[in-house]
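Structural description and commentary
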Amino acid sequence: MIRYYITDNTAAAIPLREIPEVSYADFYDDLCAKLAEPRYHLAHYFARPEEGRMRFYALLLDDDASQVLITSFATDYYDDTALPSLTACHPQVHPFERDIAERYGIRFDGMPWPKPLRFPFDRYDRRSTMDNYPFYTMEGGSLHEVNVGPIHAGIIEPGAFRFICSGEQVLHLEIALGYQHRGIEHAFETTANRLRQCCLAETVAGDSAVAHATAFVEAVEKLTGHERPAQLDRERAVALELERMAMQIADTGALSGDVSYQLGQVACEALRTMTINTTQAWCGNRFGKGLIRPHGTRFPLDAATSEMIRHNVAEIARRYNEVRQDIKSSPTLLARFEQCGVVTRDQMTELGGVGQAARSSGLMRDIRASHPWGVYAKHIRHESIVKRQGDVMARLMMRCREILQSADYIDRLLTIYEQKYADAPNPCAAPDYAAPLAPSSLSFGLVEGWRGETCHVLVTDAAGRIAACRIKDASLHNWAALALALRGEGISDFPICNKSFNLSYCGHDL
Amino acid sequence: MKILNLLLILAVAIAIPGVINRTRARLAGRRGIRFFQHLYDVRVLLRKGAVYSTTTSALFRAVPSVYLGAALVAMLFVPVGDLPAVLAFDGDLIALAYTLALGRTALILAAMDTGSPFEGMGASREALYGALSEPALLLILGTLALLTGCTSFTDLFAVGCEGRYTIALLLSAFVLTKLVFTESGRVPVDDPRTHLELTMIHEVMCLDYCGVDLAFIKIAGWCKTAALSLLAANAVAAACCPNWWFAAPLAVVLTGCSVGVVESTQARNKLVRNTTFILTIAALAALVFFTAYLLQLNIVLS
């Protein structure tokens, strides 16, 4: 049995020396056993050079006990023995091992699908480039390959999709990403300016600005060790739920658009505009950029703003509910969405799927419920919505229900606000960018963004500077699920399957 | 009279896309683009040159002209109500069907010529759906010929029908309207507005065309739609009011509004369902033909 540092999503930062260091053999055996149980999944697993050797950290989430288990192991810097690959037993480790192997040239023995992940500029093997990405191929006279991208016709990010098809039927889809790699983790490490770091966090994935900023700020606040006013938690949760509503509505519209259902598309586009304009009226940015800052906020809610948000959200929820009823009762839409792009619960568990896509397949993965932080640990007892079918329809209906749930949360949070601070001034202070960070510590921010689990891990050096920032967007886990969803489907159903996941390219490529 | 006929067809061809856009916009709660926006778009395209992929051959360059030519010739066979068509001879029913097929074949060949996997997929889909909708078209044309005893559109719609054939005529009009949807690549068979190459049918075959060539293909599409819509409108007109002033507006309203309404309120078919959709049209066409045959034999079921 190996030792873990056991913590939870609200506890303070962990000094590096308190994180147990185990041997790789123990690490491998224990993770092999633990990951076989669905209650555990890997939130992050990364390596970084530390004091002349390579230290590997793993954050394991225990959903049932709401615990975060942290452990580590180390190898000598020049030690090039291949480590037995965990991917071979548990495919959910795959993206993490690919990342470690690509960055540092660590070899994993028996890794079934050793491929580059995102082509960082400081990768170990410079000869591995996008031009020689090792696509999987199949031989056969009746098969043909269709390559889509990396540049796409719509206004979307770059990514290469290679289909191996027999006629219209997809046998295999391989997704090659990395075109959006910006070295954003590196940028966190090379600046000491906290404000700049916050702005960077907002740009990890443009559609999850609030989720990523919250994850980063949570991690920073754990390092500074100061308490923050409860009102700040509430405002952050309102921003997060507004973002969730906006994106889920946008996706409902996009799915309707992809099957040429015009009424659903235009109705949702209008509602999404209303939602993001509400955010803009609050903080001046439609995506909530500038809103989430450490230890304070520049846009404290006043009674008038709160009233405006509550009013708009109620109106959006009412109108959205009509769209939802229309979608549910339209046979042509049901014919397109039902039993299309099915991912089973077992597949999701194996891949370590997270967020709404996992919940649509019957796998309960929701940080708000399993590892609550902020208001989710106090005022709101979040009950996750879980669907079993795992098809496009389930993912769409998941969105519909989440929007209404988010609207309800926003209403409840703001009602508390209005009762408490109707006359009193808002207790939120201005942001504090200068608070010193605990030296030689590790802290993490775990947030359930609209797409799913968003995790930022910060490691500080002896001087209290951020020495490593490791970011994980939910997309990292879920891209593989999209590839599986397409197996056996018609190639013309790819767009709706893709849209039903709506994964982030730059969140994956960093 | 022939000149009037030609002008009317052209007017119908130009008006239909405008009416479709207007209907869609109104149903979506928008004001919509200018009624003649499609003409401005094509004017822009016509002023541009063309760029050709280096993998294509002369075939690829020749096809837009062939496609447009085929559509224009097909249009000339079509009368408006009781007016005589510009081109009329015995058997022009069949000529119309296969002139359209010629255009389709040319476009399929051009798509294959590019060597792009998208366009190959589009060509294969277009070939399949074309093969399935052809029997439907021929059966309906056969029905019309059977009811009137003529094999030229001009005679056919000028002769008119007896009252007991009304039901067969209306059903023929219905089938022809459905064929307008498949032939002009509209929802639920195809979606002319999508940007998703993998789901396209007609649009994907034209991906490598630009400028003048693209304009030709667009104009050909309008002509094809107008020709088939007028046939549907003529069938209705023959049943109640066989005059040109009734048939021409009816063609615009019938196609424009039905396409607009369907595109606003319905989702597209799953691609595999398209075959069923088109086969159902063909089956209905067969049923109409059979009904017409029974009516013509004057068998009274008692």
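Here, every reference points to the structure presented above.
Quick summary incoming for the structure in this document. (Residues numbered from 1 in each chain as written. Chains lettered and ligands numbered in written order. Predicted model: local features only at pLDDT ≥ 70, side-chain atom pairs only at ≥ 80, totals over all residues.)

**As for the overall build of chain A**
Helices and strands together make up the secondary structure of chain A, namely 17 helices and 14 strands. Over its C-alpha trace chain A gives a radius of gyration of 22 Å, about what one expects of a compact globule, namely 24 Å for 510 residues. With respect to the principal axes defined by its C-alpha atoms, chain A has extents near 65 × 60 × 35 Å. By the burial criterion, 52% of the 510 residues in chain A qualify as buried. Taking all contacts inside chain A whose residues are at least 6 apart in sequence as the whole, residues at least 24 apart take part in 68%. (Helix = DSSP H or I, 4+ residues; strand = E, 2+ residues; numbered from the N terminus. Rg over C-alpha atoms; globule rule 2.2 N^0.38 Å. Buried ≥ 20, exposed ≤ 12 C-beta atoms within 10 Å, placed from the backbone. Contact = placed C-beta atoms within 7 Å.)

**Let's talk about helix H11 (residues 271–297) of chain B**
Residues and elements named next belong to chain B. In this model, H11 (27 residues) spans 40 Å end to end at C-alpha, consistent with the 39 Å of a helix rising 1.5 Å per residue. Along H11, the positions that sit buried rather than exposed are Leu271, Asn274, Ile278, Ile281, Ala282, Ala285, Val288, Phe289 and Ala292. The secondary structure elements touched by the buried residues of H11 are helix H5 (117–148) and helix H7 (166–183). Note on H11: the residue one or two positions beyond its end, asparagine 298, has a positive phi of about 60°. (Expected span 1.5 Å × (residues − 1).)

**A closer look at the pairing of strand E11 (residues 169–176) of chain A**
Both faces of the sheet carry side chains from a regular strand, because those side chains alternate between them. Residue and element names in this part refer to chain A. In terms of strand pairing, strand E10 (residues 160–166) meets E11 through seven bridges, oriented antiparallel. What sits directly across from phenylalanine 161, in E11, is isoleucine 175. The antiparallel hairpin formed by E10 and E11 contains two residues in its connecting segment, where glycine 167 sits at a positive phi of about 65°. (Pairing = 2+ DSSP bridges.)

**Concerning the sheet that holds E10 of chain A**
Residue and element names in this part refer to chain A. Reading across from one edge, E9-E10-E11 is the order of the three strands in this open sheet, with antiparallel pairing throughout. The open sheet has two free edges, formed respectively by strand E9 (143–148) and E11, since each of these has just one partner strand. Across the sheet, the mean angle separating the axes of adjacent strands is 20° when strand polarity is ignored. Pairing geometry for E9 and E10, over six bridges, is antiparallel. Counted as the bridge partner of histidine 144 is cysteine 165 from E10. (Axes fitted to C-alpha atoms, helices over the stretch in contact; angles between N-to-C directions.)

**Some remarks on the interface of chain A and chain B**
Each partner contributes residues to the interface: chain A has 24 residues there, and chain B has 23 residues. Counting only elements with at least two residues in the side of chain A that touches chain B, the list comes to E9, helix H7 (262–283), helix H9 (331–337) and helix H16 (494–501) of chain A. Across the side of chain A that touches chain B, the residue classes tally to twelve nonpolar, eight polar and four charged. (Nonpolar A, V, L, I, M, F, W, Y, C, P; charged D, E, K, R; others polar.)

**Considering the packing of helix H9 (residues 211–240) of chain B against helix H10 (residues 244–265) of chain B**
Residues and elements named next belong to chain B. Contact geometry of H9 with H10 gives a least axis separation of 8 Å together with a crossing angle of 120°. In this structure, H9 meets H10 at a crossing whose hand is right-handed. When H9 is examined against H10, the residues Thr225, Ser229, Leu230, Ala232, Ala233, Asn234, Val236 and Ala237 are found in contact with a partner set consisting of Phe246, Ala247, Leu250, Ala251, Leu254 and Thr255. Counted by class, the contact of H9 with H10 contains ten nonpolar, four polar and no charged residues. (Left-handed = near helix turned anticlockwise from the far one by under 90°.)

**Focus on the nonpolar core**
Counting 242 residues, the largest nonpolar core has Val12, Ile140, Leu176, Ala226, Leu230, Ala232 and Ala251 of chain B as the members making the most contacts within it. What alanine 232 of chain B contacts, discounting residues up to four positions off in sequence, is Ala173, Leu176, Thr177, Val180, Ala251 and Leu254 of chain B. (Core = buried A, V, L, I, M, F, W, Y, C linked by C-beta atoms within 7 Å.)

Function-wise, these values are silent; they only describe arrangement.
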